[in-house]
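Each chain, letter by letter, is given below.
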Amino acid sequence: MKLRVVTWNMDHWKHRSDLDHTRRAWEHLAKLNPNVALVQEAVPPPGTLASTWTVVPAVHDAARWTTSATQRWGTAVVGVDPSLGISEIKVTRVGEPRDRGGLTISHPGAYCAAELTLSNGRRLHLVSMYGLLEGPLRNGTTYAVTTVHRTLSDLTPLLDVTRARKVPVILGGDFNVSTQVPQPDREAH
């Protein structure tokens, strides 16, 4: 089986009040015909798409789509192909008691992890990741590098290739890490 995976930052924050934009964005994603989509800056799909697709985290849990008090969007793994078995890999916020089988998450909304079971029984881990911006710092600069490093640390148990059961991982998303990010003022003060 060939697996078609799409990753997309849906820019929901720019179109918060435009429900028609949200509907069109999800319909466009459907036209790409992926088996799985890794989405960031997204809200749950509307209407019939929400009822026919498997969305991890669960659509009804609005808190899982929230990265802060002001951001009502999040990160998800979306199973578009109904023949695939997708289940959430549980996460627990750093500092809270956690299930030994799950992962920790330092920045809620920064990633979503799921396990995909293919028709031949093989398993695959999928991670939709978002580089949350921290800041602004004293000089007005914001960084995502720090949250991306922390998220990769949170994902270490999933990415550890020395584990006895080796399950391939597809990690995709919007890391917000670039050489184009403004550098802090390096002049001595």
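Throughout what follows, the structure given in this document is the object of discussion. (Residues numbered from 1 in each chain as written. Predicted model: local features only at pLDDT ≥ 70, side-chain atom pairs only at ≥ 80, totals over all residues. Heavy atoms only, no water.)

1. Looking at the sheet that holds strand S8 (residues 111-117)
So, step 1. Within the open sheet, the four strands sit side by side as S5-S8-S9-S10. Their pairing is mixed. If you trace the sheet from one side to the other, it starts and ends with strand S5 (85-88) and strand S10 (169-174), each paired once. On average, each strand axis in the sheet is tilted by 25 degrees relative to the strand beside it, whichever way the strands run.
So, step 2. Strand direction decides the pairing type here: S5 and S8, joined by four bridges, are antiparallel. By the bridge assignment for S8, Glu88 is matched with Ala114.
So, step 3. Seen against the sheet, helix H3 (residues 145-154) touches S8, strand S9 (123-130) and S10 and runs at an angle of roughly 160 degrees to S9. (Pairing = 2+ DSSP bridges. Helix = DSSP H or I, 4+ residues; strand = E, 2+ residues; numbered from the N terminus. Axes fitted to C-alpha atoms, helices over the stretch in contact; angles between N-to-C directions. Contact = heavy atoms within 4.5 Å.)

2. Thoughts on the pattern of salt bridges
So, step 1. In the structure shown here, the tally under the stated rule is six salt bridges.
So, step 2. Residue Glu88 is joined to Lys90 by a salt bridge in which the shortest nitrogen-to-oxygen separation is 3.9 Å.
So, step 3. Taking relative accessible area as the criterion, Glu88 reaches 22% and is therefore assigned partly exposed.
So, step 4. In this structure, Glu115 engages Arg123 in a salt bridge whose closest nitrogen and oxygen atoms are separated by 3.0 Å.
So, step 5. Among the residues examined, Arg123 registers a relative accessible area of 31% and is labelled partly exposed. (Salt bridge = Lys/Arg side-chain N within 4 Å of Asp/Glu carboxyl O. Buried < 20%, exposed > 50% of the residue type's maximum accessible area, 1.4 Å probe, protein only.)

3. Remarks on the side chain of Thr22
So, step 1. Structurally, Thr22 is set in helix H1 (residues 19-31).
So, step 2. Each residue touching Thr22, except ones within four places of it in the same chain, is listed here: His12 and Val43.

4. Section: the sheet that holds strand S1 (residues 5-9)
So, step 1. The mixed open sheet is built from four strands, whose spatial order is S1-S2-S4-S3. Two strands close off the open sheet at either side, each with one partner strand: S1 and strand S3 (54-56). On average, adjacent strands in this sheet sit at an angle of 20 degrees to one another, irrespective of strand direction.
So, step 2. Relative to strand S2 (residues 36-42), S1 runs parallel, the two sharing five bridges. Opposite Thr7, over in S2, you have Leu38 as the bridge partner.

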